[in-house]
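# Report on the structure
The primary structure of each chain is shown beneath.
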Amino acid sequence: MSVTLMWEAAAAPGRGPELLAWARQSAAALPGGFLRREHLTAPGDRVLVLTWWDAEYDAQLPELPAPPAGLVRREVHRWRFTSVAVEPGS
């Protein structure tokens, strides 16, 4: 089974690039063992980090911490997902 961890934060005004740099540095400092890690951004200076693991849904896995308070405008959102299908592009 594989599980995907999703971490999403919204930067304080004007601090999107700094939040992305913080997230990338923090993710690089976590223990390895993941299958894949991806960093994404979205309008509104939102930063998303996805990590895929070969683990059970409720396994103890390393997760990104909360960023420094002044770097974000709200609490971090976190979810876990399991894949139900992978389909190739057309």
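A brief report on the enclosed structure follows. The structure presented is a predicted model; accordingly, all values stated were derived computationally and were not measured.

Right, let's get into the sheet that holds strand E1 (residues 3-10). The strand order E2-E3-E1-E4 describes an open sheet built from four strands, whose pairing is antiparallel. On the outer flanks of this sheet lie strand E2 (36-42) and strand E4 (77-82), each paired with one strand and no other. Ignoring which end each strand starts from, the neighbouring axes of this sheet average 15° apart. Strand contacts of helix H1 (residues 16-29): E1, E2 and strand E3 (46-53), with the helix running at about 170° to E2, the strand carrying the most contacts.

Bringing the pairing of E1 into the picture now. A large share of E1 lies buried, amounting to eight of its eight residues. Across the two faces of E1 the burial is the same, with Val3, Leu5, Trp7 and Ala9 and Thr4, Met6, Glu8 and Ala10 all buried. Sheet topology note: the E1/E3 ladder contains eight bridges and is antiparallel. Each bridged residue has a counterpart across the sheet, and for Thr4 the counterpart in E3 is Trp52.

Following the criterion strictly, the structure yields two aromatic pairs and no others. Residues Phe34 and Trp53 carry aromatic rings whose centres are separated by 6.0 Å and whose planes lie at 75° to one another, so their mutual orientation is edge-to-face. Here Trp53 lies in strand E3 and Phe34 lies in the loop between H1 and E2, a separation of 19 residues in the sequence. It is Arg36 that lies over the ring of Trp52; its NZ or CZ is 4.3 Å from the centre.

Two side chains of opposite charge can pair, provided their charged atoms sit close to one another. Under the defined criterion, the tally for this structure stands at five salt bridges. With a shortest N-O distance of 3.7 Å, Glu63 and Arg78 are connected by a salt bridge. You can see Glu63 sitting in the loop between E3 and E4 and its partner Arg78 sitting in strand E4, a full 15 residues away along the chain. Accessibility expressed as a relative area gives 35% for Arg78, which makes it partly exposed.

As defined by bridge partners, E2 adjoins E3 across seven bridges and the pair is classed as antiparallel. Considered in E3, the bridge of Ala42 is made with Arg46. Here E2 folds back onto E3, and the loop between the two strands holds three residues, one of which, Gly44, carries a positive phi near 85°.

Moving on to H1. Given a rise of 1.5 Å per residue, 14 residues ought to cover 20 Å, and the 20 Å separating the end C-alpha atoms of H1 matches this to within 8%. Taken together, the buried positions of H1 are Gly16, Leu19, Trp22, Ala23, Ser26 and Ala27. Take H1 and look down its axis: the buried residues cluster within an arc of 125°, on one side only. Those residues of H1 that are exposed and aimed more than 90 degrees away from the buried face are Pro17, Arg24, Gln25, Ala28 and Ala29. Residues of H1 that are buried in the fold lie against E1, E2 and E3.

Conventions we followed
- Residues numbered from 1 in each chain as written.
- Predicted model: local features only at pLDDT ≥ 70, side-chain atom pairs only at ≥ 80, totals over all residues.
- Heavy atoms only, no water.
- Pairing = 2+ DSSP bridges.
- Helix = DSSP H or I, 4+ residues; strand = E, 2+ residues; numbered from the N terminus.
- Axes fitted to C-alpha atoms, helices over the stretch in contact; angles between N-to-C directions.
- Contact = heavy atoms within 4.5 Å.
- Buried < 20%, exposed > 50% of the residue type's maximum accessible area, 1.4 Å probe, protein only.
- Phe/Tyr/Trp six-rings, centres within 6.5 Å; stacked < 30°, edge-to-face > 60°.
- Lys NZ or Arg CZ within 6 Å of the ring centre and 35° of its normal.
- Salt bridge = Lys/Arg side-chain N within 4 Å of Asp/Glu carboxyl O.
- Expected span 1.5 Å × (residues − 1).
- Arc of directions from axis to C-beta.

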